[in-house]
Structure formats: structure tokens, C-alpha cells
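Structural features, examined
Given next are the chains, with one letter for each unit.
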Amino acid sequence: MRSRLFQLLGLFSVLSVLLAACGSAVPPVVPTAAADSTNPAATDAPAPVAKFKFSLVLPNPRGDHSFIDASVVGAEKAMNELPVEGSIIESQGIADQESALRSAISMDNDIVLALAIEPDTLINLANEYPNQKFGVPSELFVETTPDNVSAFQINVHQGAFLGGLVAGSLTKTKTVGAVLGGDSNGLNQFFYAYKQGVLQVCPDCKVFVSYLNFDFGNPTLGKETALGQYAQGADIIFQVAGRSGEGVISAAKEKGLYAIGVDSNQDDIAPGTVIVSVMKRVDITTYLLVKNTMDGNFKPGFNNVDMKDGVVGLSWDVGSTTFADQGPAEMTAKLPEIQKLVEEYRTKILNNEFEVCDAMNQTAVCDPLK
Amino acid sequence: MDGSNGLLIVDLLRSGIRLATPILLAALGGAISNRAGVLDFALEGKMLLGSFLGILAAFWLHNSYGGALVAVLAGGLLGWIFAFFYLKYKVDLVILAIAINLLISEGTVFFLRTFYGNVGSWTDASIQQLPDIQIPIVKNIPVIGQLLSGYNAIIYASWILTALLYVVLFYTPFGRHIRAVGENKEAAKALGINVARIQYFALILGGGMCALGGAFLSIGHLTMFTRNMSNGRGWMAVTAALFGMNNPIGVFLASLLIGVADALAVRLQMLTTIPPMLIQFLPNVLAILALVLVGLRNRANVALIRRKFSLKSQKISEDGKSEAIS
């Protein structure tokens, strides 16, 4: 009886560990042979002795329709276009980010890309392995880094400002909203600039904001929050809340109102409901980290990039016409005019003629927005 | 002004009811298990299974009610498995709960990846959300109609189940048996009550209710499944069951309090300038306060029972003495 109990318990625990392992440590995606055979250049040349190798470690699994998916697109682009061998390792959240990073380090990579990994974990490992190069495509909120870390800091405020211009131009109720994952400078960089954009074209507009207490995986709460803002009269809501944000888009669809997407091109999640997405091109920074390091241009420390580097903008810039094709006629009629306005401000911002509030680095323009 | 304030309150309560429903269903499931003497920490996993299978079945069957039914059956089956391991092999309840919670949370990710190649979230355009139902007559009553009508079937089911469980637990012989098993298993057994059967029943029913709460998330409120969708609501339900003193009406009020506090937190930060951190702390403060009140009440009850008991035994011993003297 007793031994049977232990057998069963053992079976149970082995089964759950097995499933857990399948869930997180996915066999690395190594498109070597397949990618090479489709690439005529590779078949001509003899196989290189040692290919440049990289691993991308994700903070959470793929499928966020947001910056994680964007980073994967960049890594896949690097694997397809550059003579590199890449792998993607998904972690299941903070608890196993360290083990995921360690397994990437043990794979003899030329560079390990760590996307939005908990800063202490990354810095400690970078100090422990001074000869391993690390790259951070986005979001590393620390003061200083060791010399073997190259981190991109994408400043999104200018893109969010353009999103605000669109919302301010299209609102009928003169009330718009924003649902943010949490109250931090990194996320407020989106919100303050968005609010500034709305008020720029609609000075008497109301701008609601709700924070979700850093609950990025709770679409149910995201939806109820958005429904609350819609009930208060908002007709367009900007979501900056990861998977919780999908609830915002769902609420917009249910109410027949509108949303603005974030990070990736989310216009197609709900065609005709998502007006535009404020893009944060983590795919570009991911690709650049691989390419620059391969070319011998590894640049330690922080690398601040923004709209002028082409990493921040709107989904319209990359040719999304989903809303123009499927949105209501009365709104799409206004789009050409709004796009002209957006371009006007984009030029002004790029020529330093107009200052957008940056919550990470606050100046006087931010004061009226708080 | 008054009218718009009234509307705001109705909107707040409706949002609170929607947020409370998944917690309420799981907490009712937890309460019935607690009443039968099994502390169930696997509510979270049972809920997640319901979310996952509910939406998959809705997709396969092209019918969301079918999806909810499959979720309930699967939850019941999981409840039976839980009961089987606990009653037949005497597996420790905490270990069993951890195993089930882990197995479901990783298993859903595993199956999503294997069959749909995605783990973040999954949906399909063909899946229909459970429709909202307008109750005839009631819907025309001002305010009350707005408050009580126009929810989907799972919300109404949660109310009916609350009432039903209350009646069964406190007004039927079967309910008395369940409570007897929870109060004192040995005594119940001595009285000829089939303890194992009662516990099987409670766990199967509880599993089904948790899964229905989970299905509410994926097909009643949204039409998508996201990884770890239950997001701690199963643990909130464990609290709500204890805090409602395992009484269905108490559990209902406790869940409603949690739901309305969440809805209030969302709205307060929109309409006031109170720092959002403070407002988001509000539901937790309310929970702690309520638990303190429950604790005090329980202590008072225990003291009362002791006093009655000592009075009685005093009386008995006095009677004994007087008998001896006479």
C-alpha cells in the first residue's frame, strides 16, 4: 500500500515536471540546414568553420502580440538573412529566467540576447561571465551596466504622441482613455506623450488613465477597466498592458468603440476596431544587436534610440491599412487629413522644433500632463 | 446629476458582479469541499482547466453552451480524480493540490503549443461569447432591472447555485450529513454516514463549479484563452470561502465584495487624483478587515460555546451531587 502510494506520487511529480519542461525549455529553433538550402549563396560557399551563434532569451513565452513577438520576428529575420545560427529560449516568467539565461550561456553563443529580463538577474550573470557578450533589445532599467552588456533603450514618447494626435482628432465625445499595465516611468513614457498628443489637437478633451497594478496577464481585468472608461464617455482607449490589453481591445469590439494598439502592429487583432498601433520596433533592435556584434561593432553600455532611428512610429508607417479598409466610413474619411497632421508633427519633432514629454527624463513640458 | 450618479453606481455594481462571478463559483466549490472536511487548494487548477476546455469545446462544438457543459464535466472528472487520490491512496491534500495546479498550468501551455503552435493566447473568430439574457418583466423595472437583467447564463447559474447550495446544506438531511462529515468524520462514520461517498460528491460538485467559473473567463466574458488565465482567482476563492464561513450566502457576499472592490479601484483612479497605488491596495485592505471581523466573531462564538458547555457540565455535576446527597 505504502509503496504504491509512493509510486503514484512519483508518477505524478515526474509527469508534472515533464510537462513543465516541455512548456519552458523548448528545443532551440535552429534553422540551419533548411535555411541554408533555400539560400543559394550558402550552397555556393563551403560551410563556414564556425558560424556566429546567438540565443534570444524571452521573459515570457511567445504569443503576447506585443514586444516579445516583435523580438522573435527580429531574431528570425537575423537567422534568415545573416549567416548565423540562432536559437530562441522562452522562459516562463521571472522564476526561471535565470536558468534560461544560464542554459543560453552554456551553449557557446557569441552573444546572448536577454529581452526584458529581471535586471538583477542579468547584471549578476554578466558579472559572473565577463567573457560572454550580452545584448538587451529593450527595457533594462538600471543605472550602469558591466562592459559586456549592450542595451538598447527605446524611447517611445514620440510615437505615443503621434498616437495621441490620432485619438484627439477622431474622438467624438471629446473623451479618450488609456489603460496602462502599471504606474512606472517606463509605462508613463507612453501615457504622458499620448496625453500631450491628444491635448495638442483637442485642448478641451478629457484623458482618463487606469493602471492595472502591474497585472499584465489579466485580460478580464483589462476588459472591465476599459468598459469602465467607455461607460464614462471615452470612445478611444490606448492600451499599454500586454495580455491584459487584449481585454481592452475585446471591450472596444463589444461596445462598437475604438482602441489603439501598442508595441507590435495590433491593427489586425480586431479589424476596424483598432485604429492604429504605436509601434516599438523591438524587432529592429534585436536584429541590430546580432548584426552589429557579428560585424565587430559591439557597443557596450546604453544605446538610446527613438523615432529618428526608425524604431518608434505608427503601424501606418509600415503600411497597415486595416482600419482605413474596414473602419466606419465617417472616420476613415478623416484619415488622409490626420495622416497629414501626423507627418507635420513628425517632421517638427525630428527637426527638434517640437518637444514631446519624456517621462523617463522629465522636462518642463511634462508638468501640465501629470 | 443624480441620474448620472445612479447610472455610475449601476455600472460599478454590474462590473463588480462580472468580476465576482468566477471567484464566486470557485469559492462555492471550495466551500462545499470545506463543509465535507476536505480543504481544497486545487481550485486554481480546476478553474484553469475549465477556461481551457471550455473554449476548446466551444470551438469544436460550435456552441458556447456546449463548451460550458464540457468544462463542467471535465471539472467534475478532475474533482473525482482528486477525491480518488485523496480517499483511496491518502495522498496529502497539499501535495495533491500542488501537483494538480502545476499539471494543469503547464499542461494547458503544452497542449496549446502542440496543437495550435502558440502559448500566449488563443482564440478563433468562430467562437461566440455566451449571449446576455434579458429577463422579461424584471428588465423593465427601473434600476433593479438594470442591475439584475442582461447577464449571461453562467452569472445566473452562479446565483441559482448559491441559493440551491444554501438550501441543500442547511435544510436537507443530505446537507446535514455533509456538515456532519466536515465537523467530525469519526462521529459521522459511527452514525452510519458513508463518509467517502459524501466527500466524493463534494469534490466532484466543487470541481464542476470551479470549471464553470473558469469557463466564464474564456467564453462568458472574453472569447479567448490566455496562458494562466485564472491568474490567482482560485486562491482568491479559497479566501472567499473561508471569509464567507463556508456558508453559500456568506461566500456570495464575500465574492461580491472582492469584485466590487476591484471595480471600484478601476473607477476611483479614473475619477479622482488619489494615487493609484493606494487605490489598488483597497481590495486587500477590505479583505484583511473582513477577515479580522470573521476571526473576532469566531472567537466570540467559541467563547460562547465554551461558556454554555461549562455551565451545562456544572449543572450536570451539581445534579449529580444533589442526586448523590439525596
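Remember, predicted model here, so these are calculated numbers, not experimental data.

Counting its secondary structure elements, chain B contains twelve helices and four strands. Sorting the 326 residues of chain B into buried and exposed places 47% on the buried side. Restricting to contacts in chain B with at least 6 residues of sequence separation, those with at least 24 account for 74%.

Where the parts come together, the accessible area they lose is often given as the size of the interface. Contacts between chain B and chain A engage 34 residues on the former and 37 residues on the latter. Only helix H1 (2-35), helix H4 (93-116), helix H9 (195-221), helix H11 (248-271) and helix H12 (276-325) of chain B provide two or more residues apiece to the side of chain B that touches chain A. Residue composition of the side of chain B that touches chain A, by class: 17 nonpolar, eleven polar and six charged.

The next subject is the packing of helix H7 (residues 173-183) of chain B against H9(B). All names here are of chain B. Closest axis-to-axis distance for the H7/H9 pair is 10 Å, and the angle between their directions is 105°. The orientation of H7 relative to H9 falls into the category roughly perpendicular. The segment H7 lies against H9, with His177, Ile178 and Val181 engaging Val195, Ile198, Gln199 and Ala202. In terms of residue class, the contact of H7 with H9 is built from five nonpolar, two polar and no charged.

All names here are of chain A. Strand order in the open sheet formed by six strands is E7-E6-E8-E9-E10-E12, with mixed pairing between adjacent strands. Only two strands of the sheet have a single partner each, and these edge strands are strand E7 (206-211) and strand E12 (312-314). Here the strands of the sheet are splayed against their neighbours by 15° on average, with no regard to which way each runs. Bridging between strand E9 (residues 258-263) and strand E10 (residues 274-280) involves four bridges; their strand directions are parallel. Considered in E10, the bridge of Gly261 is made with Ser277. On top of the sheet, helix H7 (residues 157-170) reaches strand E6 (175-180), strand E8 (236-240), E9, E10 and E12; it is set at about 170° to E10, its chief contact. Sheet strands in contact with helix H9 (residues 219-231) are E6, E7 and E8, and its direction is about 160° off that of E6.

Residue and element names in this part refer to chain A. The domain boundaries assigned to chain A delineate domain 1 (26-154 + 283-309) and domain 2 (157-280 + 334-369). Distance between the C-alpha centres of domain 1 and domain 2: 30 Å. Residue-level contacts link twelve residues of domain 1 with 14 residues of domain 2. Here the side of domain 1 that touches domain 2 is built from residues that sort into five nonpolar, two polar and five charged.

What follows is about the sheet that holds strand E5 (residues 149-154) of chain A. Where strands meet in a sheet, backbone hydrogen bonds hold them as pairs that are either parallel or antiparallel. All names here are of chain A. Read from one edge to the other, the open sheet built from six strands follows the order E2-E1-E3-E4-E5-E11, with strand pairing classed as parallel. Either end of the sheet is taken by a strand with one partner, and the two such strands are strand E2 (84-90) and strand E11 (301-305). Put simply, the sheet's adjacent strands are angled 20° from each other on average, direction ignored. Note that E5 and E11 share five bridges and pair parallel. Bridge pairing links Ile154 to Val305 in E11. Against the sheet, helix H4 (residues 67-81) touches strand E1 (52-58) and E2, its axis set at about 160° to E2.

Here we take up the environment of Ser103(A). All names here are of chain A. With respect to the helices, strands and loops of the structure, Ser103 is situated in helix H5 (residues 97-105). Since 18 C-beta atoms lie within 10 Å of it, Ser103 is described here as partly exposed. Counting along the chain gives 44 residues from Ser103 to Pro59, while the straight-line C-alpha distance between them is 14 Å.

The next point concerns H4(A). Here H4(A) is 15 residues long and its end C-alpha atoms lie 21 Å apart, about the 21 Å a rise of 1.5 Å per residue gives. Residues of H4(A) that are buried: Phe67(A), Ile68(A), Ala70(A), Ser71(A), Val72(A), Gly74(A), Ala75(A), Ala78(A) and Met79(A).

Next up on the list: the pairing of E2(A). Residues and elements named next belong to chain A. Counting buried residues in E2 gives seven out of seven residues, a clear majority hidden from the surface. Covered by surrounding structure in E2 are Val84, Gly86, Ile88 and Glu90 together with Glu85, Ser87 and Ile89, the residues of both alternating faces. Here E1 pairs with E2 via seven bridges, running parallel. Its bridge partner lying in E2, Lys53 is registered against Glu85.

Turning next to unusual backbone geometry. Where the residue is not glycine, phi is negative for most of them; where a peptide bond is considered, it is trans in most cases. With a phi angle near 65°, Asp108(A) is a residue other than glycine that sits in the positive phi range. One can find Asp108(A) in the loop between H5 and strand E3 (111-114). Looking at Asp108(A), the number of C-beta atoms within 10 Å reads 10, which means it is exposed. Of note, Ile137(B) is a non-glycine position whose phi angle comes to about 70°, a positive value.

With 17 residues, helix H8 (residues 185-201) of chain A should cover 24 Å at 1.5 Å per step; its first-to-last C-alpha distance of 24 Å lies within 8% of that length. Where the residues of H8(A) are buried, they touch H7, E6, E7 and E8 of chain A.

Turning our attention to the nonpolar core. Ranked by internal contacts, the top residues of the largest apolar core, which has 104 residues, are Val57(A), Ala114(A), Ala178(A) and Ile237(A). Looking at which domains feed residues into this core, each of domain 1 (26-154 + 283-309) and domain 2 (157-280 + 334-369) of chain A supplies at least three. Among residues more than four places away in sequence, those in contact with Ala114(A) are Val57(A), Leu101(A), Leu122(A), Phe134(A) and Val136(A). Core analysis: the second largest hydrophobic core is formed by 89 residues, Leu112(B), Ile127(B), Phe243(B) and Leu257(B) among them.

This paragraph deals with the confidence of the model for chain B. Chain-level statistics for chain B give a pLDDT mean of 90 and a share of 95% at 70 or above. Note on the complex model: pTM 0.85, ipTM 0.86.

All right, on to the environment of Asn231(B) then. Note that Asn231(B) resides in the loop between strand E4 (225-226) and helix H10 (233-243). The class of Asn231(B) is buried, set by 24 C-beta atoms lying within 10 Å. Not counting residues up to four positions away in its chain, the partners in contact with Asn231(B) are Gly217(A) and Asn218(A).

Rules used in this analysis
- Note that residues are indexed from 1 along each chain, following the sequence as it is written.
- Chain A is the first chain written and ligand 1 is the first ligand written, with later ones labelled in order.
- The predicted nature of this model means local features are confined to residues of pLDDT at least 70 and side-chain atom pairs, given and counted, to a pLDDT of 80 or more, with totals for whole chains, interfaces and linings taken over all residues.
- Comment: elements are numbered from the N terminus, with helices defined as DSSP H or I runs of at least four residues and strands as E runs of at least two.
- Exposed residues have 12 or fewer other C-beta atoms within 10 Å of their own C-beta, buried residues have 20 or more, and partly exposed residues fall in between, where C-beta atoms are placed from the backbone.
- What counts as a contact here is a pair of residues whose C-beta atoms, placed from the backbone, lie within 7 Å.
- Any residue outside Ala, Val, Leu, Ile, Met, Phe, Trp, Tyr, Cys, Pro, Asp, Glu, Lys and Arg is labelled polar, Gly included; the first ten of those are nonpolar and the last four are charged.
- Fitting a line to C-alpha atoms yields each axis, with helices limited to the stretch in contact; the angle taken between N-to-C directions then spans 0 to 180 degrees.
- When describing relative orientation, an angle under 35 degrees is termed roughly parallel and one over 145 degrees roughly antiparallel, while 65 to 115 degrees is termed roughly perpendicular and anything else oblique.
- Criterion used throughout: strands pair if DSSP finds at least two bridges between them.
- A domain assignment, automatic or from a database, supplies the domain bounds used here.
- A helix is expected to span 1.5 Å multiplied by its residue count minus one.
- We define the nonpolar core as any set of buried residues of the types Ala, Val, Leu, Ile, Met, Phe, Trp, Tyr and Cys, connected via C-beta atoms lying within 7 Å of each other.
- Within a predicted model, pLDDT stands for the predictor's per-residue confidence, ranging from 0 to 100.

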